[in-house]
Structures are given as structure tokens and as C-alpha cells.
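# Remarks on the overall topology
Below are the chains, spelled out letter by letter.
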2 protein chains.
Amino acid sequence: MKSLEDRILSEGKALSDSVLKVNSFINHMVDPKLMHEIGDTFAAYYKDSSITKVVTIEVSGIAPAVYTAEALGVPLVILKKQTSKTLSGDVLQTNITSFTKGTSYELTLERAYVSPEDHVLIIDDFLANGEAATGAACLVQEAGASIAGIGILIEKSFQRGRSRLEKNGYKVTSLVRVSKLAKGKIEFMQADI
Amino acid sequence: MKSLEDRILSEGKALSDSVLKVNSFINHMVDPKLMHEIGDTFAAYYKDSSITKVVTIEVSGIAPAVYTAEALGVPLVILKKQTSKTLSGDVLQTNITSFTKGTSYELTLERAYVSPEDHVLIIDDFLANGEAATGAACLVQEAGASIAGIGILIEKSFQRGRSRLEKNGYKVTSLVRVSKLAKGKIEFMQADI
């Protein structure tokens, strides 16, 4: 997605050979128009895939995912990073280690919101080592649903997330693929959409 | 907002005299169309208020807030509940105790994303005791910005959040005001919008 690549080049900050900061338009401040365009782009790609639900992981996947879900005319399910007082009943959980935050958490899904009839598109902001996406895919499958694909805004293609997901049979569609990061330098390779 | 009241009556679950579960359309599964309508409703109310940024608190405020921001033509800023590797530089923080989750966390704002020129609309899903909204308002003011109002999807009017915010000079605009909760019973009073 050219407009996302351009935005990363103009505002993204390569802090090291592995950390790309896009806090001015995705992760902390959010550009709603860009999120809308991203949602429309994923929805156009998956429009004939009989998606019944979009699933994302809190926090930064929510804005692009809600536009994707709206454009596809389906509900969004947000996987929670911790249990709360109002998560009750039959919940599925899996432990995730976050590369970015250096923490681990329990990814949680109330079984009521994903059923065996569902065909799911997973959306997330970053794909690095694939921990979060793998955990999300596992929860969706534990709920009995099938997965149409995993839509990623920014893939760090020099990390193992994509190959790990593909090895497990998941289709990965990334809007931007970063082939190389170095302090102050960002290089792209051909993206999927 | 009649459509939100109706949805709460049909799908909301009063789990006790203080906990209202709306996980099937706001907090866990999300209805994008309803979020869009909520965003348009807040934007119509605040359209002449010279808003320059919408600010919300992760997680459940994001979906309605991104539609509000888009309709107003301004960026959204998401206050983070913890620091991450990519939050760097000049950050403002305040400690919040969450009633719903029974936990406390550091609410964080990178100073770069809210400036003294900003006039801010704060959006959040629930208003109970006002801890989160008060913390958000303090961070925005510490950054030097002014606050046009605090837009709430569901206010629990029998708790002290609203009076606390109003006592501190904030304008509160709630789409739905719940006057009473009891197990299996939800009552409303006149809302602001």
C-alpha cells in the first residue's frame, strides 16, 4: 500500500535495527483517514472470502480493524490482553510474549463471540516474530472457527513472523513489508496488497 | 442516544448493582455501524467547538473515538496504559485505579502529540467513578491544552464520576445515562445528546 509506505518514510522512525516507531499516525496518535483507507483496502482484498468476523488484538489493531469490519459488513472481535470483571463464563486463553513491550500477557476470548460457523480475518498492526498473531489464530481455532487470512499493516520481513505463520498454513497479507531497518534507515520489499 | 439505549436494553447484562456488561457490541465484540453512528453523534454535537484533537484511553474508547475524530476531521490520540519500548522522550504520566478491572496502571501521553494549541474532546466508553476521565483530563492539561468536553457512551449516573468531573469544571456529554442497575434490571434517565 503505497500511501502507508510513504507515510512510514515521512514520519516513521527507525530507532534500531528492529524497532520502527510509527507513533505519530498508528500507535499513539492515529490518523483516522489513513485507518479508513487501510480498512477499505483489506475489505476490497477479502470481499469474496465470505468473512463473517474480523478479529484483532488490543490495542493498535483496533482502529484499522473496525474500518475493515465496517467495510465488510461484519462485527469486530477484540481479543483482550487481560481478564476483567465483565469477562465471564466460557473464556479461551493463551499466553503471549510481546517483543515490543518485553512483557507477557494472557490473550483472552469469550467463546460466545467466535463460533464454529465463523470464517475470520485477523488484523494486526505489526508482524515481527509472530507471537501475537499465532496466539490470536490459535484462540480463533480453539473456538472452532476457520481463518481466511491474517492482515498486517507493517510486516518486519527480516523477522520470522511471516514464515512461522505460513508454515502453519495461514495466509499472510501485509500492506507494507519492511525488508531492512537500521537507525534512521527504512527499506521496503514488494508488499502483498 | 435512543439507538444505544435500545441496544443496551436488548443485549446489555446487569451483572450486579454496579456492573453492566456490554461485551457483545462495545467491549469485546464491537458493532462498527453503531460505533460510526456514535462518532457522528459526538461530532455533530461538537462541530462548532473548534476541536483540534480527540483523545481517548485504550482500549474500549478507541472504536467510537476514531469515528468521532474522522467526522471532525482531526487526529485521535490514544492514551496508553503502560509504557512500551517505542514510547520515548518526553512523556507525561498519571496513576489510575480502574474500578472495572480492579487494577491500577500508569496512563501515559507523549508530550509531542498534545500541545498548548490543542482544544481537546475526550471520549471514553464508561463513566463510573471518573478515575480514568479525570486522569485523561489531567494529562491533557499538563500538556498545556484545553478541554472542550468529555464525551461518554454510558454513564453510570448513580456513581460519582459526573459530579466529580463537573465540580472540576469539565463539561460532560453522555449518550446514555444509567440511573439504576440491579441484577437483570437497567433504568435510564435523560441523556445529554
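The structure under discussion appears in the preceding block.
Along each chain, the written sequence defines residue order, and numbers are assigned to residues from 1. Note on labels: chains are lettered from A, ligands numbered from 1, in written order. Given that the model is predicted, a residue must reach a pLDDT of at least 70 before its local features are reported, and side-chain atom pairs must reach 80 or more before they are shown or counted; all residues, however, enter totals for whole chains, interfaces and linings. The side-chain quantities take in all heavy atoms of the structure and omit both hydrogens and water.

Elements are defined by DSSP. Helices are runs of H or I of four residues or more, strands are runs of E of two residues or more, and each kind is numbered from the N terminus. The helix and strand tally for chain A stands at 6 helices and 11 strands. Based on C-alpha atoms, the radius of gyration is set beside the globule rule, defined as 2.2 Å times the residue count to the power 0.38. For chain A, whose C-alpha radius of gyration is 16 Å, the value lies close to the compact-globule estimate of 16 Å for 193 residues. Note on definitions: a residue-residue contact is assigned when non-hydrogen atoms from the two residues lie within 4.5 Å. In chain A, of all internal contacts separated by at least 6 residues, the share reaching a separation of at least 24 is 61%. All accessibility values rest on the Shrake-Rupley procedure with a 1.4 Å probe; residue burial counts only the protein chains present in the view. Surface exposure of chain A reaches about 7200 Å², of which carbon and sulfur atoms provide 47%.

Turning our eyes to something else, we now look at the nonpolar core. Within the largest apolar cluster, 78 residues are counted, with the highest numbers of intra-cluster contacts made by Leu4 of chain A together with Leu4 of chain B. Setting aside its immediate chain neighbours within four residues, Leu4 of chain A contacts Phe25, Ile26, Leu34, Ile38, Leu153, Leu175 and Val176 of chain A. Nonpolar cores were defined as sets of buried Ala, Val, Leu, Ile, Met, Phe, Trp, Tyr and Cys residues, with membership established by side-chain atoms within 4.5 Å. A simple rule labels every residue: compare its accessible area, found with a 1.4 Å probe on the protein chains alone, to the largest value its type can have, and call it buried under 20%, exposed over 50%, or partly exposed in between.

Another aspect to go through is the relation of the copies chain B and chain A. Residues below a pLDDT of 70 in either copy are left out; the C-alpha atoms of the rest, at least 70 in both, set the least-squares superposition of the copies. The two copies are related by a screw motion: chain B maps onto chain A through a turn of 180° and a shift of 0.0 Å along the axis, at an RMSD of 0.0 Å. Both copies of the chain, as the preceding transformation shows, are related through a two-fold rotation axis. Most of the interface of chain B is mirrored in chain A: 100% of its interface residues are interface residues there too.

Contact residues are listed per partner, giving 42 residues for chain B and 43 residues for chain A. Carbon and sulfur atoms supply 62% of the area that chain B and chain A bury against each other, a total of about 3800 Å² over both sides. Salt bridges are defined as contacts in which a side-chain nitrogen from Lys or Arg sits within 4 Å of a carboxyl oxygen from Asp or Glu. At the surface where chain B touches chain A, the tally comes to 2 salt bridges. We define a polar contact as two N or O atoms separated by no more than 3.5 Å, with the added condition that, inside protein, one atom must be a possible hydrogen donor and the other a possible acceptor, whereas residues neighbouring each other in sequence contribute only through side-chain atom pairs. For the interface between chain B and chain A, the tally reads 19 residue pairs in polar contact (both at pLDDT 80 or more). Elements that contribute at least two residues to the side of chain B that touches chain A include exactly β2 (20-21), α2 (23-27), β3 (29-30), α3 (32-45), α4 (62-72), β5 (76-79) and β7 (103-110) of chain B. Considering every element that reaches the side of chain B that touches chain A, the biggest residue donor is α4 of chain B, with 6 residues. What gets called buried area is simply the loss in accessible area from a 1.4 Å probe that two parts show on being joined, summed for both.

Side chains Leu76 and Ile78 of chain B of β5 of chain B all project onto a buried face; the interleaved residues Val77 and Leu79 of chain B project onto the opposite face, where all are buried too. Summarising the sheet, strand β3 (residues 29-30) of chain A and β5 of chain B pair through 2 bridges and their orientation is antiparallel. Counterpart to Val30 of chain A in the pairing with β5 of chain B is Leu76 of chain B. Direction of pairing for strand β4 (residues 53-57) of chain B relative to β5 of chain B: parallel, over a ladder of 4 bridges. Bridging across to β5 of chain B, Ile57 of chain B finds its partner in Leu79 of chain B. Pairing between strands is defined by DSSP: at least two bridges between the two strands are required.

The subject of this paragraph is the pairing of strand β4 (residues 53-57) of chain A. It is a general feature of regular strands that their side chains alternate between the two faces of the sheet. Residue and element names in this part refer to chain A. Counting buried positions over the 5 residues of β4 gives 5, a clear majority of the element. Of the two faces of β4, the one holding Lys53, Val55 and Ile57 and the one holding Val54 and Thr56 are both buried throughout. Of the pairings in the sheet, the one linking β4 to strand β8 (residues 119-127) comprises 4 bridges and is parallel in character. Across the sheet, Lys53 pairs through a bridge with Val120, a residue of β8. Classification remark: right-handed applies to a crossover when, strands pointing away from the viewer, the course from the first strand over the helix to the second runs clockwise. Of the crossover connections in this fold, the one passing from β4 over helix α4 (residues 62-72) to the parallel strand β5 (residues 76-79) is right-handed.

Sheets are built from strands that pair by backbone hydrogen bonding, the pairs being arranged parallel or antiparallel. Across the sheet, 7 strands lie side by side as β3(A)-β5(B)-β4(B)-β8(B)-β9(B)-β10(B)-β11(B); this open sheet has mixed pairing. At either margin of the open sheet sits one strand with a lone partner, and together these are β3 of chain A together with β11 (185-189) of chain B.

All names here are of chain A. Packing of helix α1 (residues 2-11) against helix α3 (residues 32-45) leaves a shortest axis separation of 10 Å and a crossing angle of 145°. As for how α1 packs across α3, the hand of that crossing is left-handed. Contacts from Ser3, Leu4 and Arg7 in α1 reach Leu34, Glu37 and Ile38 in α3. Following the grouping adopted for this structure description, the nonpolar residues are Ala, Val, Leu, Ile, Met, Phe, Trp, Tyr, Cys and Pro, the charged ones are Asp, Glu, Lys and Arg, and the polar ones are all others, Gly among them. By residue class, the composition of the contact of α1 with α3 is 3 nonpolar, 1 polar and 2 charged. Structural elements are reduced to axes, namely lines fitted to C-alpha atoms, with helices fitted over the stretch in contact, and the angle between N-to-C directions of any two is expressed from 0 to 180 degrees. If you view the pair so one helix is near and one far, a crossing is left-handed when the near helix is turned anticlockwise from the far one by less than a right angle, and right-handed when it is turned clockwise.

A separate point is α3 of chain B. Three- or four-residue spacings in an α-helix give side chains the same orientation, since the helix completes a turn every 3.6 residues. How far a helix is expected to stretch is found by multiplying one less than its residue total by 1.5 Å. With 14 residues, α3 of chain B extends 20 Å from end C-alpha to end C-alpha; this agrees with the ideal 20 Å at 1.5 Å per step. With a side-chain oxygen lying 3.0 Å from the backbone nitrogen of Lys33 of chain B, the N-terminal cap of α3 of chain B falls on Asp31 of chain B.

Now for the environment of Ile62 of chain A. Within the secondary structure, Ile62 of chain A sits in helix α4. With relative accessibility at 0%, the residue Ile62 of chain A sits in the buried group. Taking the C-alpha atoms as reference points, Ile62 of chain A and Val120 of chain A, 58 residues apart in sequence, are found 15 Å from one another. Once you skip the residues sitting within four places of it in the chain, Ile62 of chain A turns out to touch Thr56, Leu76 and Ile78 of chain A together with Val59, Ile62 and Ala63 of chain B.

This next bit is on the packing of aromatic side chains. All names here are of chain A. Whether two aromatic rings pair depends on their centres lying within 6.5 Å, for rings of Phe, Tyr and Trp, where Trp uses its six-membered ring; planes under 30 degrees apart make the pair stacked, over 60 edge-to-face, and the rest tilted. For the structure on display, the rule yields 3 aromatic pairs over all chains. For the ring pair Tyr45 and Tyr46, a centre distance of 5.0 Å and an interplane angle of 70° mean the geometry is edge-to-face. Take Tyr45: its relative accessible area is 36%, and that puts it in the partly exposed class. For Tyr46, a relative accessible area of 1% puts it in the buried group. Throughout this description, the term charge over a ring refers to an Arg CZ or Lys NZ atom that lies within 6 Å of the ring centre and within 35 degrees of the ring normal. Against the face of Tyr105 rests Lys81, its NZ or CZ located 5.0 Å from the ring centre.

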